[in-house]
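Chain residues, written in single-letter form:
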Amino acid sequence: MFQTLDDLAPDQRLLVRLDLNAPIEDGRAQDHRRFERHADTVQELVDDGHAVVLMAHQGRPGRDTFVSLESHADVLASHLDRAVSFVDDVYGDDALSAIDDTERGDVLLLENVRFLEDEELGDRSPEDHARSEFVQTLAPEFDAYVNDAYSAAHRAHASIVGFPQAMDAYAGRVMVDEYEYNTSIERRDFDGKVTMALGGTKAEDVIAAMDHLDETVDQFLLGGVVGELFLRSAGYPVGYDLPDGTGLYDDNYEKNEAIIERVLDEYGDRIALPEDMAYEDESGDRAEHDVDDIDEKSVSYMDVGHGTVETYAPHIEESEAVLVKGALGVFEDERFNYGTIEVLRAVADSDCFSVVGGGDTSRTVTMYDLGEENFDHLSIAGGAYLRALTGEPLAAVEALRQE
Ligand code: 3PG
């Protein structure tokens, strides 16, 4: 259904879309499963004698992860047998001259495509995206376009849907592999209970998927931002922004309130919400309290508590399949990794069919030695993996489809 790398003519100058969206610390990209997976595609392309120019995004406008891709070039190079050069431009004179200088076996990374206004105009059709200055300027510089960014496949942005309209387009190895795996889960029938643990910070993706997953999933276990938003809808005084907080709650709640209410109303008996929450006390230690004891939100919640894990683990133990998307807490901080690790450990210890989605969440498995072999699939995709489970089409897949 796709043209793949097996169909590429040799010695081409290629424009390749990756998803290098990564956790950022002190303005620099942290290594991530996505780098390792995409590096295999890039290495294969340079080994085959192509000149490779990479496009990717980082963060979203307004968030502190919305930074340059300069540090990403080094992280990617650490997984390759050669350097990755970087140009802080996408389609201006500096980018065009750097592209012109690339030779067989070279790898060049362009600047964050989300710095361009043309990239994200989501209400544009693929044909309109193809007419943008961005696509019209870059496309003639290349022989072909490769999209390996399965984890951004649900975004109908110019770098994803515009170029395939204007150029010969191919699916990269990660794109094909993740597409096949995630589609096969959506089609798979399980006789026993299917449980899904959902967390992370991208609450709108999770909530939109929950609106369509009631036929696939028997039991939801919620944590992270989405857990708090559901608690808010259920009448608890959490899920609000604090004056000095992250701003992840009020806006998301207002936008998604109707869906949350509908989902709770229609199948709330299948949705487990956190019973207790962890926060940083005055001496900087982890403390927990029951959600029933909260009169007003005055601290940031960083994890689900021990009582919640005690309730969630048996659901996992009795399931035939467990799907995980998003961390239940701030797992990078050792004080607040308990909920995420213990839920993943329960999955690892059970015989269930298991898939962990989300670049960050799948990183937890390696970070805390939970054993990759204990999981059926570690997907580097988050939102796209969720979207695939709902059976909804993915913009990138539609754009590359050859039928
Ligand atoms: C992801 O991290 O899930 C992808 O890179 C998409 O990022 P986005 O949710 O900011 O579009």
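Criteria and thresholds
- Residues numbered from 1 in each chain as written.
- Predicted model: local features only at pLDDT ≥ 70, side-chain atom pairs only at ≥ 80, totals over all residues.
- Heavy atoms only, no water.
- Helix = DSSP H or I, 4+ residues; strand = E, 2+ residues; numbered from the N terminus.
- Rg over C-alpha atoms; globule rule 2.2 N^0.38 Å.
- Buried < 20%, exposed > 50% of the residue type's maximum accessible area, 1.4 Å probe, protein only.
- Contact = heavy atoms within 4.5 Å.
- Areas by Shrake-Rupley, 256 points an atom, 1.4 Å probe, with all protein chains shown as cover.
- Salt bridge = Lys/Arg side-chain N within 4 Å of Asp/Glu carboxyl O.
- Domains from an automatic or database assignment.
- Buried area = accessible area lost by both parts, 1.4 Å probe.
- Expected span 1.5 Å × (residues − 1).
- Phe/Tyr/Trp six-rings, centres within 6.5 Å; stacked < 30°, edge-to-face > 60°.
- Lys NZ or Arg CZ within 6 Å of the ring centre and 35° of its normal.
- Pairing = 2+ DSSP bridges.
- Axes fitted to C-alpha atoms, helices over the stretch in contact; angles between N-to-C directions.

Undergrad: Any chance you could explain the overall build of the protein chain here in plain terms?
TA: Along the backbone of the protein chain there are 15 helices and 17 strands. What you see for the protein chain is a C-alpha radius of gyration of 21 Å, in line with the 22 Å of a compact globule of 403 residues. Overall size of the protein chain, expressed as C-alpha extent along the three principal axes, is 65 × 45 × 40 Å. Within the protein chain, buried positions represent 59% of all 403 residues. Of the contacts formed within the protein chain by residues at least 6 apart in sequence, a portion of 73% connects residues at least 24 apart. Entry remark: accessible area of the protein chain is about 16,500 Å², with carbon and sulfur atoms responsible for 39%.

Undergrad: It is not clear to me how the pattern of salt bridges should be interpreted in this structure. Could you clarify?
TA: Close approach of charged atoms lets side chains of opposite charge pair. Inspection of the entire model under this criterion finds 27 salt bridges. Among the salt bridges present, the one from Arg-17 reaches Glu-119, with a minimum N-O distance of 3.7 Å. Within this pair, whereas Arg-17 is found in strand β1 (residues 13-17), its partner Glu-119 is found in the loop between β6 (107-109) and α4 (126-130), the two being separated by 102 residues in sequence. Residue classification places Glu-119 among the buried residues on the basis of a relative accessible area of 0%.

Undergrad: Can you walk me through the domain arrangement of the protein chain in this structure?
TA: The figure often quoted for interface size is the accessible area lost as the parts come together. Considered domain by domain, the protein chain is made up of domain 1 (5-175) and domain 2 (182-389). In this assembly, 16 residues from domain 1 lie in contact with 21 residues from domain 2. Both sides of the domain 1 and domain 2 interface together cover about 1,500 Å² of buried area, and 48% of this is carbon and sulfur. Broken down residue by residue, the surface that domain 1 buries against domain 2 is led by Arg-33, Tyr-150 and His-154, which jointly contribute 42%. For the pair domain 1 and domain 2, the number of links is three salt bridges.

Undergrad: Is there a simple way to explain helix α12 (residues 338-349) in this structure?
TA: Residues three or four positions apart in an α-helix share a direction because the helix packs 3.6 residues into each turn. Taking 1.5 Å as the rise per residue, α12 with twelve residues should run 16 Å; its terminal C-alpha atoms sit 16 Å apart, in good agreement. Along α12, the positions that sit buried rather than exposed are Gly-339, Thr-340, Ile-341, Val-343, Leu-344, Ala-346, Val-347 and Ala-348. Buried residues along α12 sit against β9 (194-198), β14 (303-304), α11 (306-317), β15 (321-325), β16 (353-357) and α13 (359-367).

Undergrad: In this structure, what is going on with the packing of aromatic side chains? I would like to understand it.
TA: Given two aromatic rings, one states the distance between the centres and the angle between the planes to describe the pair. Under the criterion given, the structure shown has eight aromatic pairs. Between the aromatic rings of Phe-66 and Phe-115, the centroid separation amounts to 5.2 Å while the plane-to-plane angle is 80°, which identifies the pairing as edge-to-face. Placement of Phe-66 in the loop between β4 (51-55) and α2 (70-77) and of Phe-115 in the loop between β6 and α4 is noted, with a sequence separation of 49 residues between them. Considering the side-chain rings of Tyr-145 and Phe-163, the 5.7 Å spacing of their centres and the 15° angle between planes classify their relative orientation as stacked. Taken together, the residues span a long stretch of sequence, with Tyr-145 in strand β7 (residues 144-147) and Phe-163 in helix α6 (residues 158-166) at a distance of 18 residues. For the pair formed by Tyr-145 and Phe-163, the shared burial category is buried. Ring-pair connections join several aromatic residues into one group, and the members of that group are Tyr-91, Phe-134, Tyr-145 and Phe-163. Positioned above the aromatic ring of Phe-353, the side-chain terminus of Arg-188 is 4.1 Å from the ring centre. Above the plane of the ring of Tyr-249 lies Lys-297, whose end atom (NZ or CZ) is 3.9 Å from the centre.

Undergrad: Just to check I follow, could you spell out the environment of Ile-24 for this structure?
TA: Relative to the assigned elements, Ile-24 resides in strand β2 (residues 24-25). Residues contacting Ile-24, with those up to four places away along its chain left out, are Ala-29, Gln-58, Thr-65, Val-67 and His-72.

Undergrad: Explain unusual backbone geometry to me, please; I cannot follow it from the model alone.
TA: Peptide bonds are, in most cases, trans, and in most cases residues other than glycine have a negative phi. Located in the positive-phi region is Asp-11, a residue other than glycine, with phi close to 55°. Relative to the elements of secondary structure, Asp-11 occurs in the segment before β1. Judged by relative accessible area, which is 43%, Asp-11 ranks as partly exposed. Of note in the backbone geometry, Asp-369 takes a positive phi value of approximately 50° without being a glycine. Position of Asp-369 relative to the elements: it lies in the loop between α13 and β17 (377-378).

Undergrad: Explain the sheet that holds β7 to me, please; I cannot follow it from the model alone.
TA: The strands that make up a sheet are held in pairs by hydrogen bonds between backbone atoms, and each pair lies either parallel or antiparallel. The six strands are arranged β5-β6-β4-β1-β7-β8 in an open sheet whose pairing can be described as parallel. Two strands in the sheet have a free side with no partner beyond their single neighbour: β5 (85-86) and β8 (169-171). As defined by bridge partners, β5 adjoins β6 across two bridges and the pair is classed as parallel. Looking at the pairing, Ser-85 lines up with Leu-108 of β6. Helix-sheet contacts for helix α1 (residues 33-47) involve β1, β4 and β6, and the interaxial angle to β4 is about 155°.

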